[in-house]
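Structural characterization, general
Listed below, chain by chain, are the residues.
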Amino acid sequence: MTAPAAADLFALDRAAQDLLFRAARTANTFTDEPVTDAQVAAIHDLIRYGPTAYNGQPLRVLLLRSAESRARLLPHVSSSNRAKTASAPLVAVLAADVDFHERLPELYPHRPQARDWLADRAARAEQARFNATLQIGYLLVGVRAAGLAAGPMAGFDAAGVTREFFPDGRQEALLLMNVGHPGPDAWRDRLPRLPTADVIHTL
């Protein structure tokens, strides 16, 4: 009996697998076709079900659409990322809400005391950053599931963006993500991926 191909071992069909992973790339150019609020809401409605510790959901997303908001952002973006960020139809500032614990009585109702477990700000901030980063991974896949391209970027002054957009100190900027429909020459060549044998080991 012939063993099934790897792509046949998934509940998703091959086209969906390719859309989310194999054929997906980090986009470097975009068309001027807008990303609508309805698309953004649909993406969030899908990805919000990804797991986080305490169901805390600390990711916060600030959408920059206006020229004025881009002008505030661009001085904090590395020179190699500035042009594509200026021209993308939508830029998302992805941040961690350090005070996410305030919502735990609502989000983790069977342990209402969980808010008190996170009274220490330093420990809470670490939890917020870790779990918001998990959610960023879900968001990236959600953008692709909507038929859009994403250009996540760490090449920016996170402290500067935090001061500019979150001056109350409650949120910390983690990543920028350009979102839209891919434009001309949007993709670079696919870089190598580690083989399964180098990543997965069994005891």
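See above for the structure.
Being a predicted model, the structure only gives us computed values, none of them experimental.

1. Some thoughts on the sheet that holds strand β2 (residues 90-97)
With antiparallel pairing, the four strands of this open sheet are ordered in space as β1-β2-β4-β3. Of all the strands in the sheet, just β1 (59-64) and β3 (149-153) have a single pairing partner and so form its edges. Geometrically, the sheet is characterised by an average inter-axis angle of 30 degrees between neighbouring strands, direction not taken into account. The pairing of β3 with strand β4 (residues 171-180) spans five bridges and is antiparallel. Within the sheet, the bridge partner assigned to alanine 149 lies in β4 and is glycine 180. Sitting on the sheet, helix α7 (residues 121-145) is in contact with β1, β2, β3 and β4, with an inclination near 5 degrees to β4.

2. Points about the layout of surface pockets
One number sums up the size of the largest pocket: a volume of about 340 Å³. Forming the walls of the largest pocket are 20 residues, and the residues nearest its centre are Val40, His44, Ile47, Val61 and Leu139. Residue assignment for the lining of the largest pocket shows that the elements contributing at least two residues are α2 (37-47), β1, β2, α7 and β4. The element that contributes the greatest number of residues to the lining of the largest pocket is α2, accounting for five residues.

3. Overview of the packing of aromatic side chains
This model, assessed by the stated rule, comprises two aromatic pairs. An aromatic cluster is defined as three or more aromatic residues linked by ring pairs; in this entry it consists of Tyr54, Tyr108 and Trp117.

4. What about the packing of helix α1 (residues 14-22) against α7?
The relative placement of two packed helices comes down to the angle between their axes together with the axis-to-axis distance. Remark: α1 packs on α7, axes separated minimally by 9 Å, with the N-to-C direction vectors making an angle of 130 degrees. Relative to α7, the element α1 is oriented oblique. Between α1 and α7 the crossing geometry is right-handed. Residues Leu19, Leu20 and Phe21 of α1 form the contact with α7, whose participating residues are Val141, Arg144 and Ala145. The residue makeup of the contact of α1 with α7, split by class, is five nonpolar, no polar and one charged.

5. Quick look at the pattern of salt bridges
Scanning the model with the defined rule gives eleven salt bridges in all. Across the salt bridge formed by arginine 65 and aspartate 37, the nearest N and O atoms sit 2.8 Å from each other. Of this pair, arginine 65 sits in the loop between β1 and α3 (67-73) while aspartate 37 sits in helix α2, placing them 28 residues apart in sequence. Overall, aspartate 37 belongs to the exposed group, its relative accessible area being 55%.

6. Remarks on the environment of isoleucine 43
Looking at the element boundaries, isoleucine 43 is found in helix α2. Sequence spacing of isoleucine 43 and glutamate 102 is 59 residues, and the spatial spacing of their C-alpha atoms is 25 Å. Not counting residues within four places of it along the chain, the set of residues in contact with isoleucine 43 comprises Leu139, Gly142, Val143, Ala146 and Leu148.

7. So, α7
In this model α7 runs 35 Å from its N-terminal to its C-terminal C-alpha over 25 residues, within 8% of the 36 Å that 1.5 Å per residue would give. All of the buried residues in α7 are Arg124, Ala125, Ala128, Asn131, Ala132, Gln135, Ile136, Leu139, Gly142, Val143 and Arg144. As for α7, its buried residues are in contact with α1, α2, β1, β2, β3 and β4. Directly after α7, the chain includes glycine 147, whose backbone phi takes a positive value near 80 degrees.

8. So, the environment of alanine 159
Here alanine 159 lies in helix α8 (residues 158-165). Each C-alpha atom of the pair alanine 159 and alanine 67 lies 22 Å from the other, and the pair is 92 residues apart in sequence.

9. So, the nonpolar core
Core analysis: the biggest nonpolar cluster contains 23 residues, and Leu94, Leu139, Val143, Met177 and Val179 have the highest contact counts within it. Elements with a minimum of two residues in this core: α2, β2, α7 and β4. Leave out the neighbours within four places in its chain, and methionine 177 touches Leu90, Val91, Ala92, Leu94, Ile136, Leu139, Leu140, Val143, Ala150, Gly151 and Pro152.

Conventions used here
Along each chain, the written sequence defines residue order, and numbers are assigned to residues from 1. Where totals are concerned, whole chains, interfaces and linings use all residues; where local detail is concerned, this predicted model gives features only for residues with pLDDT of at least 70, and gives and counts side-chain atom pairs only at 80 or more. Computation of side-chain values covers all heavy atoms of the structure but excludes hydrogens and water. Paired strands are those between which DSSP finds at least two bridges. In this text, helices come from DSSP runs of H or I with a minimum length of four residues, and strands from runs of E with a minimum of two, each type numbered from the N-terminal end. Here, axes are lines fitted to C-alpha atoms. For helices the fit covers the stretch in contact, and angles between N-to-C directions go from 0 to 180 degrees. The contact criterion used throughout is that any non-hydrogen atoms of two residues lie within 4.5 Å. Think of a 1 Å grid over just the protein atoms. A cavity is a set of points where a 1.4 Å probe fits yet cannot get out, a pocket is an open set with protein on both sides within 12 Å along at least five of seven lines, and lining residues have an atom within 4 Å of a point. Grid points are joined across faces, edges and corners, and a volume is the space filled by probe spheres set on the points. Geometry of aromatic contacts follows a simple scheme: Phe, Tyr and Trp rings, the Trp one being its six-membered ring, pair when their centres are within 6.5 Å, and the pair is stacked under 30 degrees between planes, edge-to-face over 60, tilted otherwise. In what follows, roughly perpendicular refers to angles from 65 to 115 degrees, roughly parallel to angles under 35, roughly antiparallel to angles over 145, and oblique to any angle outside these ranges. Left-handed describes a crossing whose near helix is turned anticlockwise from the far helix through less than a right angle; right-handed describes the clockwise counterpart. Side-chain classes follow a simple rule in which Ala, Val, Leu, Ile, Met, Phe, Trp, Tyr, Cys and Pro form the nonpolar group, Asp, Glu, Lys and Arg form the charged group, and the remainder, Gly included, forms the polar group. When a carboxyl oxygen of Asp or Glu is within 4 Å of a side-chain nitrogen of Lys or Arg, the pair counts as a salt bridge. Type-normalised accessible area, obtained with a 1.4 Å probe on protein chains alone, sets the label of each residue: buried when under 20%, exposed when over 50%, and partly exposed for intermediate values. By this rule the span expected of a helix is its residue count minus one, scaled by 1.5 Å. Throughout, nonpolar core names a set of buried Ala, Val, Leu, Ile, Met, Phe, Trp, Tyr and Cys residues whose side chains join them through atoms within 4.5 Å.

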